[in-house]
Amino acid sequence: MIVPGGVETRGDWTEVWRANLVLRCATRILVRVAEFRAMHLAQLDKRAHKVEWNQILKPDQPVRVEASCRKSRIYHAGAAAQRIERAITDVLGAPLADDAAIVVKLRIEDDLAVISIDSSGESLHKRGHKEAVAKAPMRETMAAGFLQECGYRGAEPVFDPMCGSGTFVIEAAEIAAGLYPGRSRHFAFEDFASFKPDIWARMKADMPVHVPRFRFFGADRDSGAVRMSSANALRAGVADWCEFAQGAIADAVPPDGPPGLVMINPPYGARIGNKGPLYGLHANMGEVLRSRFKGWRVGIVTSEPSLARATGLPFREPGPIVAHGGLKVRLYQTGPL
Ligand SMILES: C[S@@+](CC[C@H](N)C(=O)[O-])C[C@H]1O[C@@H](n2cnc3c(N)ncnc32)[C@H](O)[C@@H]1O
């Protein structure tokens, strides 16, 4: 079920592991462990002690609790968090630590208390491959979402002529190759009481990996970005299917082979540099794409509707607003040019 800020579903622990392993667009997977009405702190305290903490967490793993309260009789988040912390130490005996990797979240809204455990740990956009990042990198989860919104399913080439650290190109190659996004990283659930390493290892080994039928291309006028993208693709295990080259958008030509998807996250100006010269750059980008990329679809992610318009490309209605590093960006996409 879609809810504000997320999606709710039901499943056992193996489904939690699988969600972390395979979902490309989710930021984190929270596991709801208790939900009850709490009108005052004593009630919260009592119910928190009833949670079977020892079935969920381990006594030797440090834990931290984050709490928030909204429109509720319990309004002091610090006091509420402290009740959950006390329940965890009383029932389980796990140590509390401000820098603990395991996070228990308490949300109280309209007097309804929901206790969840973050099964992901580090945000899921951290696939565990990218060491080198360019200026203003796009989160992998967002890049995957925008590719999907453009109808990309892994069965066509993708070209990003302003590839930065290569996020779109690498995500596209991973999708085409059937690589699970979480194949290389550690997850918080690996330190939970419910974790079964053998089942997890089998789940990861079942990855439907295959050689993609198409290739994935990136270019950037900055040679450092090209080096970064190549290094990131190598670490992600997709270097054989990706090509990166130095070059300005003015000189971009379509790669050999059938048309596919051009995906671009151009500079916006609000974040890097000034907006003025960006209008010329966008006009030039539009001209290059219209004149040379016949049959390709185009997706542009930008915070500036006026910059998107400056390309002169025949965009459909822009996609929903997405928060990106303090900015609000949207996807502008065309059909085949
Ligand atoms: C917002 S960043 C792209 C970030 C990228 N999506 C990522 O995830 O790392 C914009 C990129 O456009 C490149 N760029 C700017 N002007 C360019 C031009 N005229 N031709 C080619 N690349 C250009 C910059 O070097 C920068 O890497």
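Residues numbered from 1 in each chain as written. Predicted model: local features only at pLDDT ≥ 70, side-chain atom pairs only at ≥ 80, totals over all residues. Heavy atoms only, no water.

All right, on to the overall build of the protein then. Broken down by element type, the protein carries ten helices and 13 strands. The principal-axis extent of the C-alpha atoms belonging to the protein is close to 70 × 45 × 35 Å. Evaluated residue by residue, the protein yields a buried proportion of 48% over its 337 residues. For the protein, the proportion of contacts with a sequence separation of at least 24, taken over those separated by at least 6, is 80%. Total accessible area on the protein is roughly 16100 Å²; 52% of this is exposed by carbon and sulfur atoms. Separation of charge centres in the protein, based on 44 positive and 37 negative side chains, amounts to 4 Å. (Helix = DSSP H or I, 4+ residues; strand = E, 2+ residues; numbered from the N terminus. Buried < 20%, exposed > 50% of the residue type's maximum accessible area, 1.4 Å probe, protein only. Contact = heavy atoms within 4.5 Å. Areas by Shrake-Rupley, 256 points an atom, 1.4 Å probe, with all protein chains shown as cover. Lys, Arg positive; Asp, Glu negative; His and termini not counted. Charge placed at Lys NZ, Arg CZ, Asp CG, Glu CD.)

For side chains of opposite charge, pairing can occur when their charged atoms come near one another. In this structure the tally under the stated criterion is 18 salt bridges. Where Glu-66 meets Arg-64, a salt bridge forms, and the shortest distance between an N and an O atom there is 2.9 Å. The shortest N-O distance in the salt bridge between Arg-127 and Glu-171 comes to 3.1 Å. Of this pair, Arg-127 sits in the loop between β6 (112-118) and α5 (140-149) while Glu-171 sits in helix α6 (residues 167-177); the two residues are 44 residues apart in sequence, bridging distant segments of the chain. Through salt bridges with shared partners, one network takes in Arg-24, Arg-127, Glu-171, Glu-174 and Arg-183. (Salt bridge = Lys/Arg side-chain N within 4 Å of Asp/Glu carboxyl O.)

So, on to the site of the ligand. Near the ligand lie 20 residues; those nearest to it are Met-138, Ser-165, Thr-167, Asp-220 and Ile-249. Interatomic distance of 2.6 Å between a side-chain N/O atom of Asp-220 and an oxygen atom of the ligand. Note that a nitrogen atom of the ligand is positioned 2.9 Å from one of the backbone N or O atoms of Ile-249. Protein chains bury 95% of the 610 Å² of accessible surface belonging to the ligand in isolation. The class makeup of the residues in the shell around the ligand is eleven nonpolar, five polar and four charged. (Near = heavy atom within 4 Å. Polar contact = N/O pair within 3.5 Å; in protein donor to acceptor, adjacent residues only side chain to side chain. Nonpolar A, V, L, I, M, F, W, Y, C, P; charged D, E, K, R; others polar.)

Bringing the domain arrangement of the protein into the picture now. You can read the domains of the protein as domain 1 (30-118) and domain 2 (140-182 + 210-333). Relative placement of domain 1 and domain 2: their C-alpha centres are 42 Å apart. (Domains from an automatic or database assignment.)

Time to look at the pairing of strand β10 (residues 261-264). Judged by which residues are buried, β10 turns out to be covered on both faces: Leu-261 and Met-263 on one side and Val-262 and Ile-264 on the other are all buried. Sheet topology note: the strand β7 (residues 158-160)/β10 ladder contains two bridges and is parallel. Paired with Phe-159 across the two strands is Val-262, which belongs to β10. For β10 and strand β11 (residues 297-302), the ladder comprises four bridges, and the chain directions are parallel. Residue Met-263 lies in a different strand from β11, and its bridge partner there is Gly-299. (Pairing = 2+ DSSP bridges.)

The next thing to look at is the side chain of Asp-220. Residue position: Asp-220 is located in strand β8 (residues 216-220). Here Asp-220 sits buried without a salt bridge, and the closest side chain of opposite charge, Arg-221, lies 5.6 Å off (N-O distance). In this view, Asp-220 contacts Pro-161, Met-162, Cys-163, Gly-164, Ala-225, Val-226, Ala-245, Gln-246 and Gly-247; residues no more than four positions away in its chain are not counted.

For the rest of this paragraph, the subject is the nonpolar core. Core analysis: the largest hydrophobic core is formed by 75 residues, its most contacted members being Leu-44, Trp-53, Leu-57, Ile-84, Val-104, Phe-216 and Met-263. Ranked by residue count, the leading element in this core is α6, at seven residues. Residues from two domains meet in this core; each of domain 1 (30-118) and domain 2 (140-182 + 210-333) gives at least three. Setting aside its immediate chain neighbours within four residues, Met-263 contacts Phe-146, Leu-147, Cys-150, Val-158, Phe-159, Asp-160, Pro-161, Phe-168, Gly-299, Val-301 and Leu-331. (Core = buried A, V, L, I, M, F, W, Y, C linked by side-chain atoms within 4.5 Å.)

Let's shift gears to the pairing of β11. Counting buried residues in β11 gives six out of six residues, a clear majority hidden from the surface. Here β11 shows a buried face lined by Arg-297, Gly-299 and Val-301 and a second buried face lined by Val-298, Ile-300 and Thr-302. As judged from the four bridges shared by β11 and strand β13 (residues 327-333), these two strands associate in the antiparallel manner. Paired with Val-301 across the two strands is Leu-331, which belongs to β13.

Between α5 and α6, the shortest axis-to-axis distance is 9 Å and the interhelical angle comes to 65 degrees. Relative to α6, the element α5 lies roughly perpendicular. Remark: the crossing between α5 and α6 carries right-handed chirality. In contact with Glu-140, Ala-143, Ala-144, Phe-146 and Leu-147 of α5, α6 contributes Thr-167, Phe-168, Glu-171, Ala-172 and Ile-175. (Axes fitted to C-alpha atoms, helices over the stretch in contact; angles between N-to-C directions. Parallel < 35°, antiparallel > 145°, perpendicular 65-115°, else oblique. Left-handed = near helix turned anticlockwise from the far one by under 90°.)

It is worth spelling out unusual backbone geometry at this point. With phi around 45 degrees, Lys-71 is a residue other than glycine that occupies positive phi space. Residue position: Lys-71 is located in the loop between β4 (63-70) and α4 (77-91). With a relative accessible area of 59%, Lys-71 lands in the exposed category. Positive phi is not limited to glycine here, since Asp-111 has a value of about 70 degrees. Along the polypeptide, Asp-111 turns up in the loop between β5 (102-109) and β6.

In this description, an aromatic ring pair is defined by two values, namely the gap between the centres and the angle between the planes. Counted according to the given criterion, the structure contains eleven aromatic pairs. Note on Trp-17 and Phe-189: the rings are 6.0 Å apart at their centroids and 25 degrees apart in plane angle, and the pair reads as stacked. Here Phe-189 lies in the loop between α6 and α7 (197-205) and Trp-17 lies in helix α1 (residues 13-22), a separation of 172 residues in the sequence. As far as the burial class goes, Trp-17 and Phe-189 line up, both buried. Ring plane angle 5 degrees and centroid distance 5.2 Å describe the contact between Phe-187 and Phe-189, whose orientation is recorded as stacked. Overall, the relative accessible area of 0% leaves Phe-187 in the buried class. Using a relative accessible area of 0% as the deciding quantity, one classes Phe-189 as buried. Taken together, the aromatic side chains of Trp-17, Phe-187, Phe-189, Phe-195 and Trp-200 make up a single cluster linked through ring pairs. (Phe/Tyr/Trp six-rings, centres within 6.5 Å; stacked < 30°, edge-to-face > 60°.)

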